[in-house]
Amino acid sequence: QVQLVESGGGLVRAGGSLRLSCTASGRTFSIYTMGWFRQAPGKERDIVVALRWSTGSTYMADSVKGRFTISRDITRNAIYLQMNSLKPEDTAVYYCAAKTQVSGTNYYTGTFDSWGQGTQVTVSS
């Protein structure tokens, strides 16, 4: 129903910056929330940032507060993740995700039902 395409991953030194992009297509009118998850080797996939599409309200994990910023471009059905002051522990595969079904007010939790292919972010020390 919703297709997500990511770009912007790569290799960067600690303290550097990267900007990830995710563009949605298909039934984009059904999107409640878009966000970014990451999964490091041997770790669970965790939410990093998320944005409620209709309002622009955001959620951000404590580990990236003050360093990462999520934004949206409504005309392009896109979200962006600006990552600054990157640390080696930020190394992970980053996945764009969308939520098209919401129970109650769980805009940032529960099942995200559309996923991008993932883009590798590697931060060297």
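Glancing now at the overall build of the protein chain. Helix and strand content of the protein chain: zero helices and 11 strands. Taken over the C-alpha trace, the protein chain has a radius of gyration of 14 Å; the compact-globule value for 125 residues is 14 Å, and the two agree within 12%. When its C-alpha atoms are laid out on the principal axes, the protein chain stretches across 40 × 25 × 25 Å. The burial tally for the protein chain puts 42% of its 125 residues in the buried class. Taking the intrachain contacts of the protein chain between residues at least 6 apart in sequence as the baseline, contacts between residues at least 24 apart amount to 56%. When the accessible surface of the protein chain is totalled, it reaches about 6500 Å², and 46% of it is carbon and sulfur. When the 13 basic and 8 acidic side-chain charges of the protein chain are each reduced to a single mean position, those positions are 5 Å apart.

This paragraph deals with the sheet that holds strand S8 (residues 78–83). Whenever strands of a sheet pair, they do so through backbone hydrogen bonds, lying parallel or antiparallel. Strand order in the open sheet formed by four strands is S1-S3-S8-S7, with antiparallel pairing between adjacent strands. Looking at the sheet topology across the chains shown, the edges are occupied by strand S1 (2–7) and strand S7 (68–73). Pairs of neighbouring strands in the sheet enclose a mean axial angle of 20°, with direction left out of account. Two strands pair when backbone bridges link them, and S7 and S8 are joined in this way by six bridges, in the antiparallel orientation. Note that in S8 the partner of Arg-72 across the bridge is Ile-79.

Right, let's talk about the pattern of salt bridges for a bit. In total, this model carries three salt bridges according to the counting rule given. Note that Arg-38 and Asp-90 form a salt bridge whose closest N and O atoms lie 2.9 Å from each other. Here the residue Arg-38 occupies a position in strand S4 (residues 33–39), and Asp-90 occupies one in the loop between S8 and strand S9 (92–99), the gap between them amounting to 52 residues. Lys-65 is the salt-bridge partner of Asp-62, the closest N and O atoms lying 3.0 Å from each other. The exposure class of Asp-62 is exposed, given its relative accessible area of 61%. Through salt bridges with shared partners, a single network forms among Arg-38, Arg-67 and Asp-90.

The alternating pattern of strand S11 (residues 119–124) places Thr-119, Val-121 and Val-123 on a buried face and Gln-120, Thr-122 and Ser-124 on a face that is not buried. The pairing of strand S2 (residues 10–13) with S11 spans four bridges and is parallel. Bridge pairing in S11 places Gly-10 opposite Val-121. Bridge analysis of S9 against S11 gives three bridges, and the strand direction is antiparallel. Residue pairing for S11: Val-93 is matched across the bridge by Gln-120.

Criteria and thresholds
- Residues numbered from 1 in each chain as written.
- Predicted model: local features only at pLDDT ≥ 70, side-chain atom pairs only at ≥ 80, totals over all residues.
- Heavy atoms only, no water.
- Helix = DSSP H or I, 4+ residues; strand = E, 2+ residues; numbered from the N terminus.
- Rg over C-alpha atoms; globule rule 2.2 N^0.38 Å.
- Buried < 20%, exposed > 50% of the residue type's maximum accessible area, 1.4 Å probe, protein only.
- Contact = heavy atoms within 4.5 Å.
- Areas by Shrake-Rupley, 256 points an atom, 1.4 Å probe, with all protein chains shown as cover.
- Lys, Arg positive; Asp, Glu negative; His and termini not counted.
- Charge placed at Lys NZ, Arg CZ, Asp CG, Glu CD.
- Pairing = 2+ DSSP bridges.
- Axes fitted to C-alpha atoms, helices over the stretch in contact; angles between N-to-C directions.
- Salt bridge = Lys/Arg side-chain N within 4 Å of Asp/Glu carboxyl O.

Geometric values such as these leave the question of function open.
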